[in-house]
Amino acid sequence: MSLSDDSLYREVDEEVRRQKIQDLWKRWGNLFLALCIAVITVVAAYKAWQFWQLKKAEEAARSYFAAVELTAAGKADEAMKKFAEVAAGSHKGYKYLAELNMAARLAATGKKDQAIKEYDEIAATSSVDPNLRAAARIRAAYLLVDTAPHEEIVKRVADLNQPDNIWRNHAREVLALSAYRANDYTETDRLMNEVVLDAEAPEGLRQRAQVMISLLAPRLDAKKPVVQ
């Protein structure tokens, strides 16, 4: 086969391939363009949504921390208004943080029943971060510990007393306070010792537990049988 024949075959082959591509483009070209445009549109929309979410989060963060600063400055009424604005917003994270702060303010102003209701609503909302739900449960239990039966406090927070739960020591404290009120000093002592022995317990909480253990000692000694 001569060189010219080889060149001719290559040209024919290239022409055939070019014709096939043209035929495919005529048949599927519009669909391909439509798919490309659809992909670009979806990506652009997703990026726009991400940007919008970021802006909303930034706005919520600014408002939330402005409310925190107002609280620290003693401007409680202004802080409550700002927290209410955040709670009414669409950013779930800061929304529920704001609601926790609002409930705390209700408790601080003597509106305990309203505060407990707010905490219970947060705790019952499945879309809330589990740690925030646990925080709401703990705070409600603290408000109830002086009046509610021990069984109710156990029902509310006992399951949080697990080795891997970040709220375990607060659960132990509120359970211990409730047990003390029920005159179950042995259980109170056990729970408070769990707090003291937990290296991850907050220092203030451990100090309170140590004080309680010291106060319990005479009561526990009085229950010990006298050896004749």
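You'll find the structure just up there.
Throughout what follows, the structure given in this document is the object of discussion. (Residues numbered from 1 in each chain as written. Predicted model: local features only at pLDDT ≥ 70, side-chain atom pairs only at ≥ 80, totals over all residues. Heavy atoms only, no water.)

### Re unusual backbone geometry
Unlike most non-glycine residues, asparagine 183 shows phi in positive territory, near 65°. Note that asparagine 183 resides in the loop between α7 (168-181) and α8 (185-197). A relative accessible area of 47% means that asparagine 183 is categorised as partly exposed. (Helix = DSSP H or I, 4+ residues; strand = E, 2+ residues; numbered from the N terminus. Buried < 20%, exposed > 50% of the residue type's maximum accessible area, 1.4 Å probe, protein only.)

### Quick look at the pattern of salt bridges
Two side chains of opposite charge can pair, provided their charged atoms sit close to one another. Following the criterion strictly, the structure yields 11 salt bridges and no others. With its nearest N and O atoms 2.9 Å apart, the salt bridge here joins aspartate 120 to arginine 156. Of this pair, aspartate 120 sits in helix α4 (residues 112-123) while arginine 156 sits in helix α6 (residues 150-157); the two residues are 36 residues apart in sequence, bridging distant segments of the chain. Salt bridges here are not isolated pairs; linked through shared partners, they connect Arg168, Arg172, Glu187, Arg190, Glu194, Asp198 and Glu200. (Salt bridge = Lys/Arg side-chain N within 4 Å of Asp/Glu carboxyl O.)

### Some words on the packing of aromatic side chains
Counted by the stated rule, this structure contains one aromatic pair. Ring centres of tyrosine 180 and tyrosine 185 lie 5.5 Å apart, and the angle between their planes is 55°; this geometry places the pair in the tilted category. Judged by its relative accessible area of 11%, tyrosine 185 falls in the buried class. (Phe/Tyr/Trp six-rings, centres within 6.5 Å; stacked < 30°, edge-to-face > 60°.)

### Here we look at the side chain of asparagine 169
Checked against the element boundaries, asparagine 169 lands in helix α7. Owing to a relative accessible area of 3%, asparagine 169 belongs among the buried residues under this scheme. Apart from the residues lying within four places of it in its own chain, the contact partners of asparagine 169 are Glu194, Val195, Asp198, Glu200, Ala201 and Leu205. (Contact = heavy atoms within 4.5 Å.)

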